[in-house]
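Spelled out from the first residue to the last, the chains are:
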Amino acid sequence: MKKIAVLGAGLTGAAAAASLVRQGHQVTVFDKGRAAGGRMSSKRTEQGYLDMGAQYFTARSEAFTQQVKQWLEAGQVELWRCKTALLSDDEGVISLTASEDKQQRFIGIPSMHSPVTALLQDIPLITGCRVLRLDYQQQGWTLHSDTGQDYSDFDAVLLTLPPVQAQQLLKQSGLPELFRSASDVLEPCWAVAVQAQSIPWGDAIFCQHPQLRFISHQQHKTGRSSCYILHFNAAFSALHLEQSADFWFAKATDILQQELGVQGEIRALVAHRWLYASQRDQVPLPGLLALPERPLWAGGDWSYGGRVENAYLAGLSLAQAVLTYAEQQEGTE
Ligand SMILES: Cc1cc2nc3c(=O)[nH]c(=O)nc-3n(C[C@H](O)[C@H](O)[C@H](O)COP(=O)(O)OP(=O)(O)OC[C@H]3O[C@@H](n4cnc5c(N)ncnc54)[C@H](O)[C@@H]3O)c2cc1C
């Protein structure tokens, strides 16, 4: 049995941890956030949960399809019965058209992070703990955290952080850098939640728009209320990265009223900045990364192309890397 530290309690970390525990290893998961979920986190508010990150997920691979089936059976996930639409801007002429497709889209219930929490059930999880530095000695890894507490004697470490954060941690630890250009992998996104009068223009609105990439209406999601979440696209988010929440509420209100004809009061709820949201197009996929001669691997959604499903698959691959390492170790003992 190996003692393994998993850094990051998003879906990658949760899938890796659950898989390793099933194989009889002892796992502790660490996250700087207040709870598990990472970019699948929903914010609890008076209006119910607000999905500020991922809005839904799809399942194409056999492994993830099987996992989604289990979550469906356990009532942790449901099919999102959403009407899809396309918002396009043709040289200033805005149009919104229905764009129905046959894609099955899933959501966590009652919150997006419910399936992540379910995977981590019964696995030691230390939240509110940012790992600042890693030390590798003969007896294993020690993690130094911002709470002042150290955690020692781990046989292996899995980093499931966004590349910039993983690279920073390696640098602060005096370890070799794993990414050629960590800042090129994930792009930012400002997400804005508002309460507005419901109009029948779809629940999942894909945007070909100079500022937006997606609008989601939460009305048909269990556990949420009738709010809108607007995701601004990477270029516009990056251009105004340091702007205040008021700037983003004003932008969201303006688009809803002027371009989409929403009537009545629009109430600002939450604005959240994701510095590392989704995969940049046309950047080579890094796959899983390993430190030379030390038992540390890094992976995440970014390994295989972003998205929830790829986070899950990266988690399984990370667990497999540790299992192979453990078998090799046993062979030499
Ligand atoms: C706005 C937005 C919309 C999206 N929409 C969709 C969608 O509709 N469909 C879809 O499939 N995907 C979507 N995604 C992508 C999806 O959310 C991600 O692919 C997936 O959640 C990534 O999971 P992960 O575990 O790899 O990373 P994360 O969820 O980012 O987990 C990494 C964790 O590491 C923690 N961490 C970082 N540094 C440290 C440290 N030093 N010490 C301890 N912990 C640390 C973080 O707190 C975080 O919890 C969206 C993402 C965003 C942001």
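You'll find the protein entered in an unreviewed UniProt entry as FAD-dependent oxidoreductase, with Rheinheimera mesophila given as the organism.

**Student:** Outline the pattern of salt bridges, supporting the account with residue identities and numerical values.
**Tutor:** Applying the stated criterion across every chain, the model contains seven salt bridges. Across the salt bridge formed by Lys-221 and Asp-51, the nearest N and O atoms sit 2.9 Å from each other. Taken as a pair, Lys-221 in the loop between strand S16 (212-217) and strand S17 (227-232) and Asp-51 in strand S4 (residues 48-51) lie far apart in primary sequence, 170 residues in all. As far as the burial class goes, Lys-221 and Asp-51 line up, both buried. As a salt-bridge pair, Asp-101 and Arg-105 come within 2.9 Å of each other at their nearest N and O atoms. For Asp-101, a relative accessible area of 39% gives the class partly exposed. Connected through shared salt-bridge partners, Asp-51, Lys-221 and Arg-224 make up one network.

**Student:** So what's going on with the UniProt feature "signal peptide" (unreviewed entry) in the protein? Which residues, and what values?
**Tutor:** Residues annotated by UniProt as "signal peptide" (unreviewed entry) correspond here to residues 1-17. With 41% helix and 29% strand, residues 1-17 has end C-alpha atoms that lie 14 Å from one another.

**Student:** So what's going on with the environment of Lys-69? Residues and values would help.
**Tutor:** Considering the arrangement of structural elements, one finds Lys-69 in helix H2 (residues 62-73). Lys-69 sits in the partly exposed class, given a relative accessible area of 43%. Taking C-alpha positions, Lys-69 is 38 Å from Glu-293, a pair spaced 224 residues apart along the chain.

**Student:** Help me get a handle on the site of the ligand, residues and values and all.
**Tutor:** Among the 32 residues in the neighbourhood of the ligand, the closest are listed as Thr-12, Asp-31, Arg-39, Tyr-56 and Asp-301. Separating an oxygen atom of the ligand from a side-chain N or O atom of Thr-12 is a distance of 2.6 Å. In this structure, Val-308 approaches the ligand through a main-chain N or O atom, which is 2.9 Å from an oxygen atom. In the complex, 94% of the free accessible area of the ligand, which totals 1000 Å², lies under the protein chains. Sorting the residues of the shell around the ligand by element identifies helix H1 (11-22), strand S18 (267-279) and helix H8 (308-332) as the ones contributing at least two each. Of the residues that constitute the shell around the ligand, the class distribution is 14 nonpolar, 11 polar and seven charged.

**Student:** Describe the packing of H1 against H8, with residues and values.
**Tutor:** Put simply, H1 and H8 touch, their axes get as near as 7 Å, and they point 40° apart. Comparing their axes, H8 and H1 come out oblique. Between H1 and H8 lies a crossing of right-handed hand. Only Val-308, Ala-311, Tyr-312, Ala-314, Gly-315, Leu-316, Leu-318, Ala-319, Val-322 and Leu-323 of H8 make contact with H1, whose side of the interface consists of Leu-11, Thr-12, Ala-15, Ala-16, Ser-19 and Leu-20. Residue composition of the contact of H1 with H8, by class: 13 nonpolar, three polar and no charged.

Scoring rules and cut-offs
- Residues numbered from 1 in each chain as written.
- Predicted model: local features only at pLDDT ≥ 70, side-chain atom pairs only at ≥ 80, totals over all residues.
- Heavy atoms only, no water.
- Salt bridge = Lys/Arg side-chain N within 4 Å of Asp/Glu carboxyl O.
- Helix = DSSP H or I, 4+ residues; strand = E, 2+ residues; numbered from the N terminus.
- Buried < 20%, exposed > 50% of the residue type's maximum accessible area, 1.4 Å probe, protein only.
- UniProt positions renumbered as here; feature names shortened; annotations may be inferred.
- Near = heavy atom within 4 Å.
- Polar contact = N/O pair within 3.5 Å; in protein donor to acceptor, adjacent residues only side chain to side chain.
- Areas by Shrake-Rupley, 256 points an atom, 1.4 Å probe, with all protein chains shown as cover.
- Nonpolar A, V, L, I, M, F, W, Y, C, P; charged D, E, K, R; others polar.
- Axes fitted to C-alpha atoms, helices over the stretch in contact; angles between N-to-C directions.
- Parallel < 35°, antiparallel > 145°, perpendicular 65-115°, else oblique.
- Left-handed = near helix turned anticlockwise from the far one by under 90°.
- Contact = heavy atoms within 4.5 Å.

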